[in-house]
Amino acid sequence: MTNRKKSFLLFLSNAALFLFLILFHYAGIPIKIMSANPMSVLALLVALVMFSGETAGIIAGAVTGMILDSVSSTPVGFNTIVFTVISFVAVLISNYLFNRNIKSALILCLICSVIYFAARWLVGFAFEGDIAGSFNYLLRYAAGSALYTTLFVIPFFYIEKRLFSKFGTVR
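Being a predicted model, the structure only gives us computed values, none of them experimental. (Residues numbered from 1 in each chain as written. Predicted model: local features only at pLDDT ≥ 70, side-chain atom pairs only at ≥ 80, totals over all residues. Heavy atoms only, no water.)

### A closer look at the overall build of the chain
Assigned secondary structure in the chain consists of seven helices and zero strands. The order of α-helices and β-strands along the chain, N terminus first, is α-α-α-α-α-α-α. For the chain, whose C-alpha radius of gyration is 16 Å, the value lies close to the compact-globule estimate of 16 Å for 171 residues. Projected onto the principal axes, the alpha-carbon positions of the chain cover approximately 60 × 30 × 25 Å. (Helix = DSSP H or I, 4+ residues; strand = E, 2+ residues; numbered from the N terminus. Rg over C-alpha atoms; globule rule 2.2 N^0.38 Å.)

Here you go:
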């Protein structure tokens, strides 16, 4: 199989995974535990950027953010900006600081989840309404969701590791 065909199959399989997760997340299928609702797309993005190069990781974050902006209730452009920044940070950390193992994936996903939910809190809740409600969101929803999102990186790490070993080059 040629490198071009392998790259296309890698792209196609990852695109299918992302679209499935976005549809699953926004179709209203409940996977939340108490008030913690995971952002599984973020966990998949972290797993993807751990094995991809800088350009591909940042483009994946930007495109994922654009798709999420089209279906989410966050302010327009929020997910595009945040997912692009997160993928940039994650790809640099994974390529130059961390090893490519499950422990690093868990730590990196926790860092990225905290960044995402903190940014969401700052944009949507920190300066609106009462302070008690704002911190209630931060402690009850955002903290639990960040931890729950981190658990989703476990299967995605092994899926991406398998995909990149079969179709791409692990850098």
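Back to the write-up after that little detour.
### Concerning helix α4 (residues 78–96)
Counted at 1.5 Å a residue, the expected span for α4 with its 19 residues is 27 Å, and the 27 Å between its end C-alpha atoms agrees. Those residues of α4 that are buried are in contact with α2 (40–51), α3 (54–71) and α5 (102–124). (Expected span 1.5 Å × (residues − 1). Contact = heavy atoms within 4.5 Å.)

### A closer look at the side chain of S113
Considering the arrangement of structural elements, one finds S113 in helix α5. Not counting residues up to four positions away in its chain, the partners in contact with S113 are L42, A146, T149 and T150.

### Some details on the packing of α2 against α4
It is at 8 Å that the axes of α2 and α4 come closest, and there the two elements cross at 40°. Taken together, the axes of α2 and α4 are oblique relative to one another. Considering how the two elements wind past one another, α2 and α4 form a crossing that is right-handed. Listed contacts from α4 to V41, L42, L45, V49 and M50 of α2 are F83, I86, S87, A90, V91, S94 and N95. Split by residue class, the contact of α2 with α4 holds nine nonpolar, three polar and no charged. (Axes fitted to C-alpha atoms, helices over the stretch in contact; angles between N-to-C directions. Parallel < 35°, antiparallel > 145°, perpendicular 65-115°, else oblique. Left-handed = near helix turned anticlockwise from the far one by under 90°. Nonpolar A, V, L, I, M, F, W, Y, C, P; charged D, E, K, R; others polar.)

### What about the packing of aromatic side chains?
Applying the stated criterion across every chain, the model contains nine aromatic pairs. Aromatic pair F51 and F157: ring centres 5.4 Å apart, planes at 40°, arrangement tilted. Residue F51 is located in helix α2, and its partner F157 is located in helix α7 (residues 153–167); the two are separated by 106 residues in the primary sequence. The same class applies to F51 and to F157, which are both buried. Relative to Y158, the ring of F157 has its centre 5.3 Å away and its plane inclined at 80°; by these criteria the two rings are edge-to-face. On the accessibility criterion, Y158 (45% relative accessible area) is partly exposed. (Phe/Tyr/Trp six-rings, centres within 6.5 Å; stacked < 30°, edge-to-face > 60°. Buried < 20%, exposed > 50% of the residue type's maximum accessible area, 1.4 Å probe, protein only.)

### A short note on the packing of α5 against α7
Two numbers describe how α5 lies on α7: the axes approach to 10 Å, and their chain directions differ by 125°. Here α5 lies oblique to α7, going by the angle between them. Every pair of crossing elements has a handedness; the one defined by α5 and α7 is right-handed. Contact residues: I102, A105, L106 and C109 in α5; V153, I154, F157 and Y158 in α7. By residue class, the composition of the contact of α5 with α7 is eight nonpolar, no polar and no charged.

### Observations regarding the nonpolar core
V41, F83, Y116 and F117 are the most contacted members of the largest nonpolar core, which has 46 residues in total. Listed by contribution, the elements that provide at least two residues to this core are α1 (3–26), α2, α3, α4, α5, α6 (131–151) and α7. No other element matches α2, which puts eleven residues into this core. Residue contacts for V41: discarding those within four places in its chain leaves F18, L21, I22, T64, L68 and F83. (Core = buried A, V, L, I, M, F, W, Y, C linked by side-chain atoms within 4.5 Å.)

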